[in-house]
Structure formats: structure tokens, C-alpha cells
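# Chains, contacts and geometry: an overview
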Amino acid sequence: SSIINMYLANSNLHSDEDTKFVSNQFYKMIAIIDKNGNNIKELFSGQFLQIRIDYSPDIIYHENLNQIIQFRNNKGDILFTLNNFHTIGAFSGKTIKTGVFCDIPKLPLNEGLYYMSFILRDGTKDLASLDDYIKIKVNKGDYFGTGRIPRPTYGMLVDHVWHINN
């Protein structure tokens, strides 16, 4: 059984290992994959991961698309949000051939359980929303490459550099 447990209250859903197939007007499939396109079986703090989202053909009729992914803790607090509007800008549904991909070079989550929500917008209009759609378990990982693992109660992990000026 996979470490990534996915679920949805929608009865039009079936799961194929670590890939979620969605039956709604806009989302077709969501997967968490590695650099080679393989489904990730276990997640670790500091690990590279890629989120792949395939859309249904209806997406071509929309020009000003923003895909939002939110990571939440088990209390429902938003820990961080990924949004193409802030990075590459909005995209047109006509330009999508095989899906969209969001790379996370180093997963900043400490050991624990988390939820991923997905929101698709055309400008300011919500087209689709999948709240707490994917539940993930993150295992201890050597995020900083030092062999010293922060306790889960220390919160999120962030790349940073210390300097001492003498």
C-alpha cells in the first residue's frame, strides 16, 4: 500500500496507485511524480517532487488560467500555496498539450500528515475546486544535508544560510 493516501468525497473518482483520476468538467488526473515521471511511493522532507495535473478537453475554452495548490496541516491551516499567477503568470488552455507540472525542488514539510487542495481559476472566477483532495504522509528526511533532523514540532523547513562576520 502506498504512503500517499488519496481520497475524495466525490463518487466519480477512482484511484490507480498514486494517481487520482477525476471525473469533473476540468480536472482529468493529478499525480505526484519524481524527475523521471514515476509515481512517488514515499515522501521525505527535502525531497524533489513534481505535481502533474492533466485537464479535460474543456480547458481549451479558457484563456486566463491560474492553478492553485494549497498545502494544509491536519487543523486546516494553510502552510503554503503554489500559484502559477505569481511565477509564470496565467496560461491559456489552448497551449496545454500533456498537462501542467509544478516542481517542488525540496519539499519543505517536516514529518507528519498533510492535505493538498486544488483550485482552478479563469481570471477571478473559480472553475473547479478539490478541497483536501490528497492526503500525504511525509517521512523524516535530511532536508539540510547535515544528518541533523529537526523535530516535527519545529514546523516548516526553509532553505537558509547563516553568516558570521568577523
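That block above? That's the structure.
Residues numbered from 1 in each chain as written. Predicted model: local features only at pLDDT ≥ 70, side-chain atom pairs only at ≥ 80, totals over all residues. Heavy atoms only, no water.

### Digging into unusual backbone geometry
For residues other than glycine, phi is negative in most cases, and the peptide bonds are mostly trans. A positive phi angle, near 45°, is found at Asp 132, a position not held by glycine. Looking at the secondary structure, you find Asp 132 in strand β11 (residues 125-139). Judged by its relative accessible area of 29%, Asp 132 falls in the partly exposed class. (Helix = DSSP H or I, 4+ residues; strand = E, 2+ residues; numbered from the N terminus. Buried < 20%, exposed > 50% of the residue type's maximum accessible area, 1.4 Å probe, protein only.)

### Here's the deal with the pairing of β11
In the sheet, strand β5 (residues 43-44) pairs with β11 via two bridges, with the strands oriented parallel. When the bridges of β11 are listed, Phe 44 appears paired with Asn 139. Pairing analysis gives 10 bridges linking strand β10 (residues 112-122) to β11, with the strands arranged antiparallel. The residue of β11 that forms the bridge with Phe 118 is Leu 130. The hairpin turn running from β10 into β11, its antiparallel successor, is two residues long, and Gly 123 in that turn takes a positive phi close to 65°. (Pairing = 2+ DSSP bridges.)

### As for the layout of surface pockets
In this structure, the largest pocket spans a volume of roughly 330 Å³. Elements supplying a minimum of two residues to the lining of the largest pocket: β6 (49-55), β7 (65-72), β8 (78-83), α1 (84-87) and β9 (100-104). Top element by residues in the lining of the largest pocket is β9. It accounts for four residues. Looking at the lining of the largest pocket residue by residue, the class counts come to nine nonpolar, six polar and one charged. (1 Å grid on protein atoms, 1.4 Å probe; cavity = no way out; pocket = protein on both sides within 12 Å on 5 of 7 lines; lining within 4 Å. Points joined across faces, edges and corners; volume = space filled by probe spheres on them. Nonpolar A, V, L, I, M, F, W, Y, C, P; charged D, E, K, R; others polar.)

### Notes on the environment of Gly 89
Its place among the elements puts Gly 89 in the loop between α1 and β9. When its relative accessible area of 18% is taken as the criterion, Gly 89 is described as buried. Sequence separation between Gly 89 and Asn 64 is 25 residues; the distance between their C-alpha atoms is 8.9 Å. Setting aside residues up to four positions removed in sequence, Gly 89 forms contacts with Asn 66 and Asn 84. (Contact = heavy atoms within 4.5 Å.)

### Focus on the pattern of salt bridges
Under the defined criterion, the tally for this structure stands at five salt bridges. The partner of Arg 52 in a salt bridge is Asp 54, and the shortest N-O contact between them spans 2.8 Å. Salt-bridge contacts for Arg 72 lead to Asp 132; the nearest nitrogen and oxygen are separated by 3.7 Å. In this pair, Arg 72 sits in strand β7 while Asp 132 sits in strand β11, placing the two residues 60 residues apart along the sequence. With relative accessibility at 18%, the residue Arg 72 sits in the buried group. (Salt bridge = Lys/Arg side-chain N within 4 Å of Asp/Glu carboxyl O.)

Distances and angles like these do not, on their own, reveal function.
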